[in-house]
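Commentary on secondary and tertiary structure
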Amino acid sequence: MTTHVTHAVIPVAGFGTRMLPLSKSVPKELLPLGNRPAIHYVVEEAIAAGIKHIVLVGHAQKSAIENYFDVNAELDNQLRAKGKDELADSLNWLPEDVSVSVIRQGKPLGLGHAVLKARPIVGDNPFAVLLPDVVLNPFTTKMDKDNLAYMIQAFAQTHHSQILVSHVADEDVQKYGIAKLKDADQLSQLTGDKNANFAVAGFVEKPQLADAPSNLAVVGRYVFNATIFDYLANTQPSVGGEIQLTDAIDALISTQGVDVTTMLGDSFDAGDMTSYMQAFIYFAQQQLQA
């Protein structure tokens, strides 16, 4: 079994109703954080971690995302004809050895279903999943070493799928899926100044604080081996007809073991209006000061 992770799946089919009216005609993933669209940072993170093949799981009405990663030959020619080569180069920023593929989800049947749709492209390879609503802070962490890059390295060493988690405040525990470590005593070992990974026994979805096994919340970064596809294909839809990724993760935990990786730095929810506006201000300030 290969442990070299070069594929990343990014589900972008959702309509982003939490971001209306901004997302009525512009995909939420293309809304700006500072001077770049949110998904730009997510893809940069994946590339910095060693990903060579980005798989966008999209929707027919969100082709603008696909166009963002393509070369606009007419625009490129116009810019170069006006002597704006540097600007033209900045628009074609994907490295030559990185490719982007798009496959459509078709029906809104949940995150697990979106990940499963990537199977024809990913095949039997291990892969990362990055949720585009979650943007990790690119100004305070080293994307080539921390978080996703660390998870990929840990996967190569342990062969265990990895899930990124982060400390949340007590009052926010009930908003997230919360990790239950196999060894609860390991919670005392967490320092917050470096990534670390621990075996996980399971996850509790949006628990009350008194019932929470920890304050480690799922962030939106995963590294899986291809076995997850088999579990997703056999997962029964839950209420609402959606195929839940968490059900397949539970199966992986029981058969192969799964680790959580503690996040270094912070992240932003670019799919919620209030936190998106706060993130925009932060990114803009960082770039204006650069």
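Residues numbered from 1 in each chain as written. Predicted model: local features only at pLDDT ≥ 70, side-chain atom pairs only at ≥ 80, totals over all residues. Heavy atoms only, no water.

As recorded in an unreviewed UniProt entry, the protein goes by UTP--glucose-1-phosphate uridylyltransferase and comes from Psychrobacter raelei. Under the UniProt heading Function (unreviewed entry), the note attached to the protein is "May play a role in stationary phase survival." Regarding the protein, the UniProt comment filed under Catalytic activity (unreviewed entry) reads as follows: "alpha-D-glucose 1-phosphate + UTP + H(+) = UDP-alpha-D-glucose + diphosphate". (UniProt positions renumbered as here; feature names shortened; annotations may be inferred.)

Considering the nonpolar core
In terms of nonpolar packing, the biggest core is built from 44 residues, with I10, L33, I39, V43, I54 and L148 touching the most fellow members. If you list the elements that add at least two residues to this core, you get β1 (7-11), α1 (38-48), β4 (53-58), β6 (127-130), β7 (134-136), α7 (148-158), β11 (216-224) and α10 (273-289). Ranked by the residues each element gives to this core, the list is headed by α1, at seven residues. Those residues within four positions of I54 in sequence are excluded, and the remaining contacts are A8, I10, V43, A46, V98, S99, V100 and S101. Grouped together as the second largest cluster of nonpolar side chains are 34 residues, L181, F198, L216 and L252 included. (Core = buried A, V, L, I, M, F, W, Y, C linked by side-chain atoms within 4.5 Å. Buried < 20%, exposed > 50% of the residue type's maximum accessible area, 1.4 Å probe, protein only. Helix = DSSP H or I, 4+ residues; strand = E, 2+ residues; numbered from the N terminus. Contact = heavy atoms within 4.5 Å.)

Some thoughts on the side chain of N195
Among the secondary structure elements, N195 is positioned in the loop between β9 (177-181) and β10 (197-205). A relative accessible area of 9% means that N195 is categorised as buried. In terms of polar contacts, N195 uses its side chain to reach the backbone amide nitrogen of N147, at 2.9 Å. A polar contact is formed between the side chain of N195 and the backbone oxygen of T262, at a distance of 2.7 Å. (Polar contact = N/O pair within 3.5 Å; in protein donor to acceptor, adjacent residues only side chain to side chain.)

What to know about α7
Along α7, the positions that sit buried rather than exposed are L148, A149, M151, I152, A154 and F155. For α7, the secondary structure elements touched by its buried residues are α1, β6, β8 (161-167), β10, β11 and β12 (258-262). In the segment just after α7, H159 is the residue with positive phi, at about 65 degrees.

Looking at the pattern of salt bridges
Under the counting rule described, the total for this entry stands at eleven salt bridges. A salt bridge links R18 to D269; the shortest N-O distance between them is 3.5 Å. On the criterion of sequence distance, the pair formed by R18 in the loop between β1 and β2 (32-33) and D269 in strand β13 (residues 267-269) is long-range, its members being 251 residues apart. Judged by relative accessible area, D269 falls into the partly exposed class, the value being 29%. Linking R80 and D85 is a salt bridge whose minimum nitrogen-to-oxygen distance equals 3.9 Å. Overlapping salt bridges bring together R18, K28, D133 and D269 as one network. (Salt bridge = Lys/Arg side-chain N within 4 Å of Asp/Glu carboxyl O.)

Observations concerning the pairing of β10
As paired elements, β9 and β10 share five bridges and run antiparallel to each other. In the strand pairing of β10, I178 is matched with V204. Sheet analysis places β10 next to β12, joined by three bridges and oriented antiparallel. By the bridge assignment for β12, F198 is matched with V260. (Pairing = 2+ DSSP bridges.)

Overview of the pairing of β11
Of all nine residues making up β11, eight are buried, and the element is well covered by its neighbours. Bridge analysis of β8 against β11 gives five bridges, and the strand direction is antiparallel. Residue pairing for β11: I163 is matched across the bridge by Y222.

Brief notes about the packing of aromatic side chains
By the definition in use, this model includes eleven aromatic pairs. Summarising the aromatic geometry, the rings of F139 and Y282 are spaced 5.9 Å apart at their centres and angled 70 degrees between planes, so their arrangement reads as edge-to-face. In this pair, F139 is assigned in the loop between β7 and α7 and Y282 in helix α10, connecting sequence segments 143 residues apart. An aromatic cluster is built from Y41, F139, F268, Y282 and F283, whose rings are joined through pairwise contacts. (Phe/Tyr/Trp six-rings, centres within 6.5 Å; stacked < 30°, edge-to-face > 60°.)

Looking at unusual backbone geometry
Between L20 and the following residue, P21, the backbone shows a cis peptide bond with an omega angle of 5 degrees. As for its position among the elements, P21 is in the loop between β1 and β2.

A word on the environment of K182
On the secondary structure map, K182 appears in the loop between β9 and β10. Spatially, the C-alpha atom of K182 lies 5.7 Å from that of A199, the residues being 17 residues apart in sequence. Apart from residues no more than four positions distant in its own chain, K182 is found in contact with A199, V200 and A201.

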